[in-house]
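Read off the chains here:
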Protein chains: 2
Amino acid sequence: MNGAQALIRTLVDAGVDVCFANPGTSEMHFVAALDDVPEMRGVLTLFEGVATGAADGWARMTGRPAATLLHLGPGMGNGLANLHNARRGRTPMVNVVGDHTRSHKRLDAPLESDIDAVAGTVSGWVRRSLTPEDVAADAADAVAAAARGQIATLVLPADVSWSDGAAVADPVPPRPRPQVSPAGVADVATAVGSGEPTVLLLGGDVVASEAGLLAAGRVAAGTGVRLLAETFPARMVRGAGLPDVGKLPYPPEVAIKALAGTRHLVLAGATSPVHFFGYPGVPGTPVPDDCTVHVLSAPGEDGVAALEELAGQVAGDAEPQLLEASRPELPTGRLTPRAVSAVVGALLPERAVVVDEAITSGVGIAELTSGAPRHDWLALTGGAIGDGLPMAVGAAVACPDRPVLVLQADGSAMYTVQALWTMAREQLDVTVVLYDNASYAILQGELARVGASGGGERAGQLLDLGGPTLDFVSLATGMGVPATRAETAEELAGQLRTALAEPGPHLVQAVLRPAG
Amino acid sequence: MNGAQALIRTLVDAGVDVCFANPGTSEMHFVAALDDVPEMRGVLTLFEGVATGAADGWARMTGRPAATLLHLGPGMGNGLANLHNARRGRTPMVNVVGDHTRSHKRLDAPLESDIDAVAGTVSGWVRRSLTPEDVAADAADAVAAAARGQIATLVLPADVSWSDGAAVADPVPPRPRPQVSPAGVADVATAVGSGEPTVLLLGGDVVASEAGLLAAGRVAAGTGVRLLAETFPARMVRGAGLPDVGKLPYPPEVAIKALAGTRHLVLAGATSPVHFFGYPGVPGTPVPDDCTVHVLSAPGEDGVAALEELAGQVAGDAEPQLLEASRPELPTGRLTPRAVSAVVGALLPERAVVVDEAITSGVGIAELTSGAPRHDWLALTGGAIGDGLPMAVGAAVACPDRPVLVLQADGSAMYTVQALWTMAREQLDVTVVLYDNASYAILQGELARVGASGGGERAGQLLDLGGPTLDFVSLATGMGVPATRAETAEELAGQLRTALAEPGPHLVQAVLRPAG
């Protein structure tokens, strides 16, 4: 058995049974070994950022790490932005990065680069397999490391992959999740019982599960504390029958207002909020100076159990207030960002997975979907745009029986637009709503927000995606994804209904540019 | 004057007057300052790999560094693959990477990452500007560092960019190029005069200039040594009136054959050749064991002067043998890779810049263009695919009066296909010949070459780009580039002729898939 065969078999035995791949010469034995281990599903991507983003989406929906297969340092570099997002979202992932043979390494061949250094910037665990005898145990360790909510990168020299002498390794037994101590819960119980203005900020495992949200709802009902979710949760369960938990807003001035007057901020699965960027004259965090921050559960700890324990202590028999089923009316007339949100809210299918990279175009989307049937919401955890389409690939591979809906801004779409091809190849049930405002609209706002002088013509040109306008219908059909274009709310509703009803991928380009 | 204004003015004064940009919030003051320094041309790209590849192409054609503007660590990550290619080609480049404000840095905001570590893997020079007073001098140092044939990366905190107190800095005077010592030339003179089988391997500055090639031709004429060029030169001057210098072949078995029996290998601007990858049972280099390697000039040294000195010592009045003007006949009938090469050879315009990412499809292209009118040839120096379309952007911005022709494989095209949009936006005179073989054809060869077992169905699927077939006409027109599709040699010739005659960008999809 060669190294590649033992590696793949070990991954599968440890629960890693999909590999999003963009291979090169140094990974050819890994590719060949896929025929020996049919339990491993190889999914080809045309660009590494699609592979890493897909692995992120897959793991968010399954709770298990996916593998990626990347080609040396440049391949890892191409995947780096979505690895960054995965790292910030604590997504488990196993990267297998092929490298030169051990004897070729010292020859400084054209593709030689410092893979380990690049890997180290996003990975919690990096190892280089040095012999075929080691590779399976290395892979088992990688899966165990990833399961702790981090990226594990295994660098695999080509000859370690092709040489015989390897054997399958057993999975490393999973480590139980860290529990919050009773003392920690008691401290928070005192704060939420203080009667002072208190916000319970939910994130991580707490918003990813109904149990976590319901426990938070009980605490709120019993004590009057306010519930908020972190701004960009990796996965949030939403919809009718759950407590109404809004997200802490993105714009600094709005976030500051949202937390104004708060005396106790209790973190359950979330980290203490900071603004996305620093701005002139604005403090770095929306947390008021006189607010005490309490950590009920840190990311990675069992926040749901902690919240349930807290609810038992402070909420008595209080019943959480739950959202009733409700949908917005279908809008009519000219397409605006809010009209798109209303159409999505009106038509969102049962058990949908929503991937949200709408950026500035997602106006009102949270409110207009809050009473929709139960769904999952995946956000851009690390701010590196270009995660939407790839995450949808992974979510759809993970959940073949659920519809995946991507709310996708145009500028961001272009970073990893190659994901559309994989959707077509795998016939994934993904519907992309493409917000076409022909600009980096968020940057137009940010230019003003940072107080940049000018906003002159030459600056404006660097934020403008018109001239030429991107035709996403052409781009999608060029990659095998049926696509249509909607200029009114009625057209959007009709096209979205059709796209959701038919299997396989679809793209609807929602034109938000001013007429003329 | 704020930091951004001083930075841009300093760059312009030092000769860096184009910036390929993909900005975000932390770069907004740099963007705003473009209105204050109109001498700096900002070129927007939709993906950072386009920006870095364009900067590579620009510098190869001008000999001066271009700037890139990148957004934090993920932005640099997206540009990393083409920075790798630039590093391997010794391309000068100045990256300006925006970062969080100094006070925001410690807050671990979502976009926080270790920019410096990522930058270090590709840069010969990395610095973080700590105050607005420093930033201009830092920029001048960056340009000077880049001019030594390396990548210089300046990390620019947002508040250093927006704060006042900066002043323009003078350019750092250029350091003269290192000259080869007379003793070094004398050693080589002995070798080439030995009468033993000798190869003069040319690269770097030597193949980028007519003078270098002509001096090499004199040495060959006077001594009988054989001339070869490195396999992937950053820039090579080619065509009628120059010596016939073939490239050392890529496939290891062919490269080994090309150097078999050689007793002296003299390097002029090239490094000692190694195979791209290690293969089972194949030595890592094509250089025979009993061959002595002599370094006439290392990359970065003045190889042209050294060769001219050598020619003076060993070649007497010998005249170099020069290629006569010749073009292949226009082929007819079914399109094959060789037929595409013949069409290109027949129609290659005077003073064209050819960007070569044809990979396996470039069959016969060297021979079929060797007698064409004088042209420049830019190759994939680092093996990280996805450099073709971006380099063409940069070359066309650098040489607005010259036609740019890209020989582009389909699989590679998809890594940075967003470059087409910038070609349309800037109305660059670029013609793309897109080789559509619907596969990672090189990997099919490599799978066999590394002796990977199987080549079973599942392995084959990971090397196949059919299902769905990529429609590059749709992709190009979706980004504003007029495109056509050719299935016969006659169609290709007609379409290529039209594309070359018209200004602005064009794409011709050359269908090489078997019929049916």
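As recorded by an unreviewed UniProt entry, chain A carries the name Acetolactate synthase-1/2/3 large subunit and is attributed to Geodermatophilus dictyosporus. Under the Sequence similarities (unreviewed entry) heading, UniProt states for chain A: "Belongs to the TPP enzyme family."

(A) Spotlight on the interface of chain A and chain B. Taken together, the contacts link 97 residues of chain A with 97 residues of chain B. In this assembly, chain A packs against chain B so that about 7700 Å² is buried in total across both faces, 64% of it on carbon and sulfur atoms. Viewed at the interface, chain B and chain A are joined by four salt bridges. Here Asp464 of chain B makes a salt bridge to Arg425 of chain A, at a shortest N to O gap of 3.9 Å. Connecting chain A to chain B are 53 residue pairs in polar contact (both at pLDDT 80 or more). Among the elements that make up the side of chain A that touches chain B, the one with the highest residue count is helix α5 (residues 80-88) of chain A (five residues).

(B) Local environment of empty space enclosed by the protein. Residue and element names in this part refer to chain B. This structure, assessed with the given rule, holds seven cavities of 30 Å³ or more. Looking at the largest cavity, its volume works out to about 80 Å³. Every residue along the wall of the largest cavity is listed here: Leu213, Met236, Val237, Arg238, Gly239, Leu242, Pro243, Asp244, Val245, Leu323 and Ser370. With three residues, the single largest contributor to the lining of the largest cavity is strand β9 (residues 236-238). Of the residues assigned to the lining of the largest cavity, the class counts are seven nonpolar, two polar and two charged.

(C) Spotlight on the packing of aromatic side chains. Within the structure shown, the criterion is met by eleven aromatic pairs over all chains. Ring geometry for Phe276 of chain B versus Phe277 of chain B: centroids 5.7 Å apart, planes at 70°, classification edge-to-face. Judged by relative accessible area, which is 6%, Phe277 of chain B ranks as buried. Through a chain of ring-to-ring contacts, three or more aromatic side chains come together here, namely Phe47 and Tyr415 of chain A together with Phe47 and Tyr415 of chain B. In this structure, Arg238 of chain A packs its charged tip against the face of Trp377 of chain A, placed 4.8 Å from the ring centre.

(D) How the structure looks around the domain arrangement of chain A. Residues and elements named next belong to chain A. Segmenting chain A into domains produces domain 1 (3-162), domain 2 (182-314) and domain 3 (337-511). Centre-to-centre separation of domain 2 and domain 3, based on C-alpha positions: 28 Å. On the side of domain 3, 21 residues touch domain 2, which itself brings 22 residues to the contact. Buried surface at the junction of domain 2 and domain 3, summed over both partners, amounts to about 1700 Å²; 48% is from carbon and sulfur atoms. At the surface where domain 2 touches domain 3, the tally comes to three salt bridges. A salt bridge links Arg235 to Asp376, with the shortest nitrogen-to-oxygen separation between them at 2.8 Å. Applying the counting rule to domain 2 against domain 3 returns twelve residue pairs in polar contact (both at pLDDT 80 or more). Of all the secondary-structure elements, those providing two or more residues to the side of domain 2 that touches domain 3 are β9 (236-238) and α11 (252-259). If you tally residues by element for the side of domain 2 that touches domain 3, the top one is β9, at three residues. Looking at the side of domain 2 that touches domain 3 residue by residue, the class counts come to 14 nonpolar, two polar and six charged.

(E) Spotlight on the sheet that holds strand β17 (residues 483-486) of chain A. Residue and element names in this part refer to chain A. An order of β9-β14-β13-β15-β16-β18-β17 is seen for the seven strands of this open sheet, with the pairing classed as mixed. The two strands at the open ends of the sheet, each matched to only one other strand, are β9 and β17. Strand after strand, the sheet turns through a mean of 20° between neighbouring axes, direction not considered. With three bridges joining them, β9 and strand β14 (residues 375-378) adopt antiparallel strand pairing. Each bridged residue has a counterpart across the sheet, and for Val237 the counterpart in β14 is Asp376.

(F) Region of the structure containing the UniProt feature "domain: Thiamine pyrophosphate enzyme N-terminal TPP-binding" (unreviewed entry) in chain A. Sites flagged by UniProt as "domain: Thiamine pyrophosphate enzyme N-terminal TPP-binding" (unreviewed entry) map to residues 1-106 of chain A. Helix makes up 45% of residues 1-106 of chain A and strand 20%, with an end-to-end C-alpha separation of 27 Å.

(G) The relation of the copies chain A and chain B, seen in detail. Aligned on chain B, chain A shows an RMSD of 0.0 Å; the corresponding rotation is 180° and the shift along the axis is 0.0 Å. Put plainly, the chains are arranged around a two-fold axis. When the interface residues of chain A are mapped onto chain B, 99% of them again lie at the interface, so the same face is used by both copies.

(H) Representation of the environment of Thr271 of chain B within the structure. Residues and elements named next belong to chain B. Mapped onto the fold, Thr271 is located in the loop between β11 (264-268) and β12 (292-297). Look at Thr271 and you get partly exposed, because its relative accessible area is 49%. Sequence separation of Thr271 and Pro251 is 20 residues, and the distance between their C-alpha atoms is 18 Å. Residue contacts for Thr271: discarding those within four places in its chain leaves Leu201 and Pro299.

(I) Main features of the nonpolar core. Residues Phe20 and Leu420 of chain A together with Phe20 and Leu420 of chain B are the most contacted members of the largest nonpolar core, which totals 228 residues. Setting aside anything within four residues of it in sequence, one finds Phe20 of chain B in contact with Val43, Ala51, Ala54, Ala55, Trp58, Ala66, Ala67, Thr68, Leu69, Val393, Gly394 and Val397 of chain B. In terms of nonpolar packing, the next biggest core, distinct from the first, is built from 58 residues, Ala339, Ala372, Leu407 and Leu496 of chain B among them.

(J) Expanded view of the side chain of Thr10 of chain A. Looking at the secondary structure, you find Thr10 of chain A in helix α1 (residues 3-13). Dropping the residues within four chain positions of it, Thr10 of chain A is found in contact with Ala136, Ala139, Ala140, Val168 and Ala169 of chain A.

(K) Region of the structure containing the pattern of salt bridges. Residues and elements named next belong to chain A. All told, the structure shown has 48 salt bridges over all chains when counted by the stated rule. Salt-bridge contacts for Asp99 lead to Lys105; the nearest nitrogen and oxygen are separated by 2.6 Å. Via salt bridges that share partners, Asp99, Lys105, Glu112, Asp116 and Arg128 belong to a single interconnected network.

(L) The arrangement of the side chain of Ser412 of chain B in detail. Within the fold, Ser412 of chain B resides in helix α16 (residues 410-413). Setting aside anything within four residues of it in sequence, one finds Ser412 of chain B in contact with Glu357, Ile359, Ile385 and Gly386 of chain B.

(M) Local environment of the sheet that holds strand β5 (residues 125-128) of chain A. Residues and elements named next belong to chain A. Read from one edge of the open sheet, six strands run β2-β1-β3-β4-β6-β5, paired in parallel fashion. Whereas interior strands pair on both sides, the edge strands pair on one side only; in this sheet they are β2 (41-44) and β5. Each strand axis lies, on average, 20° off the axis of its neighbour in the sheet, ignoring direction. In the sheet, strand β1 (residues 18-21) pairs with strand β3 (residues 66-71) via three bridges, with the strands oriented parallel. Bridge pairing links Cys19 to Ala67 in β3. Here helix α3 (residues 48-62) sits on the sheet and contacts β1, β3 and β4 (93-99); the angle it forms with β3, its principal contact strand, is near 170°.

Reading the values: rules and limits
- Residues numbered from 1 in each chain as written.
- Chains lettered and ligands numbered in written order.
- Predicted model: local features only at pLDDT ≥ 70, side-chain atom pairs only at ≥ 80, totals over all residues.
- Heavy atoms only, no water.
- UniProt positions renumbered as here; feature names shortened; annotations may be inferred.
- Contact = heavy atoms within 4.5 Å.
- Buried area = accessible area lost by both parts, 1.4 Å probe.
- Salt bridge = Lys/Arg side-chain N within 4 Å of Asp/Glu carboxyl O.
- Polar contact = N/O pair within 3.5 Å; in protein donor to acceptor, adjacent residues only side chain to side chain.
- Helix = DSSP H or I, 4+ residues; strand = E, 2+ residues; numbered from the N terminus.
- 1 Å grid on protein atoms, 1.4 Å probe; cavity = no way out; pocket = protein on both sides within 12 Å on 5 of 7 lines; lining within 4 Å.
- Points joined across faces, edges and corners; volume = space filled by probe spheres on them.
- Nonpolar A, V, L, I, M, F, W, Y, C, P; charged D, E, K, R; others polar.
- Phe/Tyr/Trp six-rings, centres within 6.5 Å; stacked < 30°, edge-to-face > 60°.
- Buried < 20%, exposed > 50% of the residue type's maximum accessible area, 1.4 Å probe, protein only.
- Lys NZ or Arg CZ within 6 Å of the ring centre and 35° of its normal.
- Domains from an automatic or database assignment.
- Pairing = 2+ DSSP bridges.
- Axes fitted to C-alpha atoms, helices over the stretch in contact; angles between N-to-C directions.
- Least-squares fit on C-alpha atoms with pLDDT ≥ 70 in both.
- Core = buried A, V, L, I, M, F, W, Y, C linked by side-chain atoms within 4.5 Å.

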